[in-house]
Amino acid sequence: MVLSVAAVWWTTVRNRLCWPVGLVSVLLYGWIFYGAKLYSDALLQLVYAALQCYGWWQWRIAPAQVRRPDVRHPRARDLTLGMLLGAIGAVALGAIMSRYTDAALPWLDATLTAFSLVAQYWMARLYRANWLLWILVDLVYVGLYGVRHLPLTAVLYAGFVLLAVLGWRQWGRTERERPAMQAAAA
């Protein structure tokens, strides 16, 4: 739990430590979700592990003298494509989980998994919109984990909602400050 909070906190302030700490955290949670028969969530944690590595690599592109990589503006096409892929992923994974496993709440779990992947990818790409999607997904996860008798995880995800709000604000502040910093450097 502490690792998860630390990883999300470091993401809100765009510190590269978020990626290795997050990697350990998602692997531990994969094991927990498998035990709770939330198979889509368990699978999600494995995919997160790969995305943690991708994000770590992606954020290393920033010049060494820059501690925090810049927030990026996605194109409308990128946002639309992400949402479409999330919906397709939700339907495909939901169908698989409901038909071939004894998963608890397979459709909801699959939908949250698919859109979590979109949010994680957007985070790795430094799209500020990732925080809005995380707020929505994490709010629903709070209820899911409550229903599945994972109260500590529900509390953790309630904290993630607060951190996502903070991330949205922090990354927005960075976007507003960037033009002034660029003008001063010129």
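Our structure's up above, just so we're on the same page.
These numbers were taken from a predicted model, which means no experiment stands behind them.

> Just to check I follow, could you spell out helix H4 (residues 76-100) for this structure?
Turn by turn, an α-helix covers 3.6 residues, leaving residues three or four places apart pointing in a common direction. Taking 1.5 Å of rise per residue, 25 residues should cover 36 Å, and H4 covers 36 Å from first to last C-alpha, within 8% of that figure. Residues of H4 that are buried make contact with helix H3 (39-59) and helix H5 (106-124).

> Explanation requested: the nonpolar core in the structure shown.
Core analysis: the biggest nonpolar cluster contains 43 residues, and Phe33, Trp134, Tyr141 and Tyr145 have the highest contact counts within it. Those residues within four positions of Phe33 in sequence are excluded, and the remaining contacts are Leu38, Asp41, Ala42, Gln45, Tyr145, Leu150, Thr153 and Tyr157. In terms of nonpolar packing, the next biggest core, distinct from the first, is built from 5 residues, Leu93, Met97, Ala103 and Ala110 among them.

> How do you make sense of the packing of helix H2 (residues 18-35) against H3 when you look at a structure like this?
Any two packed helices are characterised by how steeply their axes cross, that is the angle between the axes, and by the distance between the axes. Contact pair H2 / H3: the axes reach a minimum separation of 8 Å and the direction vectors enclose 170°. The angle between the axes of H2 and H3 places the two elements in the roughly antiparallel class. Among the residues making up the contact of H2 with H3, the classes are represented as 18 nonpolar, 5 polar and 1 charged.

> Looking at this model, I keep getting lost on the packing of helix H1 (residues 2-12) against H2. Mind explaining?
Between H1 and H2, whose axes approach to 8 Å, the crossing angle comes to 145°. Taken as a pair, H1 and H2 cross one another with a handedness that is left-handed. From H1, Leu3, Ser4, Ala6, Ala7, Trp10 and Thr11 reach across to H2, where they touch Cys18, Val21, Gly22, Val24, Ser25, Leu28 and Tyr29. For the contact of H1 with H2, a count of residues per class yields 9 nonpolar, 4 polar and no charged.

> Can you walk me through the environment of Pro69 in this structure?
Structurally, Pro69 is set in the loop between H3 and H4. Residues Pro69 and Asn15 lie 54 residues apart in sequence; the distance between their C-alpha atoms is 8.4 Å.

> Explain a nonpolar patch on the surface to me, please; I cannot follow it from the model alone.
Taken together, the side chains of Leu105, Leu108, Leu136, Leu139, Val140 and Val147 make up a nonpolar region of the molecular surface, amounting to roughly 490 Å² of accessible area. Tracing the backbone shows Leu105 in the loop between H4 and H5.

> Help me understand the pattern of salt bridges in this model?
A side chain of one charge can pair with a side chain of the opposite charge when the charged atoms of the two come close. According to the stated counting rule, one finds 3 salt bridges in the structure shown. Arg75 is the partner of Asp78 in a salt bridge, and the nearest nitrogen-oxygen pair spans 3.3 Å. What makes Asp78 buried here is its relative accessible area of 17%. A salt bridge links Asp78 to Arg77; its shortest N-O distance comes to 3.9 Å. Here Arg77 falls in the exposed class, since its relative accessible area comes to 54%.

> In this structure, what is going on with H2? I would like to understand it.
Here H2 spans 26 Å end to end across 18 residues, near enough to the 26 Å set by a 1.5 Å rise per residue. For H2, every residue scored as buried is listed here: Cys18, Trp19, Val21, Gly22, Ser25, Val26, Tyr29, Gly30 and Phe33. Phi for Lys37, located one or two positions after H2, is positive at around 60°.

> When you look at unusual backbone geometry in this model, what are you seeing that I'm missing?
Peptide bonds are trans in most cases, and residues, glycine excluded, mostly fall at negative phi. Its identity is not glycine, yet Lys37 carries a phi of approximately 60°, on the positive side. Among the secondary structure elements, Lys37 is positioned in the loop between H2 and H3. A relative accessible area of 36% places Lys37 in the partly exposed class. Residue Leu126 is not a glycine yet carries a positive backbone phi of 65°. One can find Leu126 in the loop between H5 and helix H6 (130-147). Using a relative accessible area of 1% as the deciding quantity, one classes Leu126 as buried.

Thresholds applied
Residues numbered from 1 in each chain as written. Predicted model: local features only at pLDDT ≥ 70, side-chain atom pairs only at ≥ 80, totals over all residues. Heavy atoms only, no water. Helix = DSSP H or I, 4+ residues; strand = E, 2+ residues; numbered from the N terminus. Expected span 1.5 Å × (residues − 1). Contact = heavy atoms within 4.5 Å. Core = buried A, V, L, I, M, F, W, Y, C linked by side-chain atoms within 4.5 Å. Buried < 20%, exposed > 50% of the residue type's maximum accessible area, 1.4 Å probe, protein only. Axes fitted to C-alpha atoms, helices over the stretch in contact; angles between N-to-C directions. Parallel < 35°, antiparallel > 145°, perpendicular 65-115°, else oblique. Nonpolar A, V, L, I, M, F, W, Y, C, P; charged D, E, K, R; others polar. Left-handed = near helix turned anticlockwise from the far one by under 90°. Patch = residues over 30% accessible without salt bridge, like charges linked within 9 Å, V, L, I, M, F, W, Y side chains within 5 Å. Areas by Shrake-Rupley, 256 points an atom, 1.4 Å probe, with all protein chains shown as cover. Salt bridge = Lys/Arg side-chain N within 4 Å of Asp/Glu carboxyl O.

Keep in mind that these numbers describe shape and distance, not what the molecule does.
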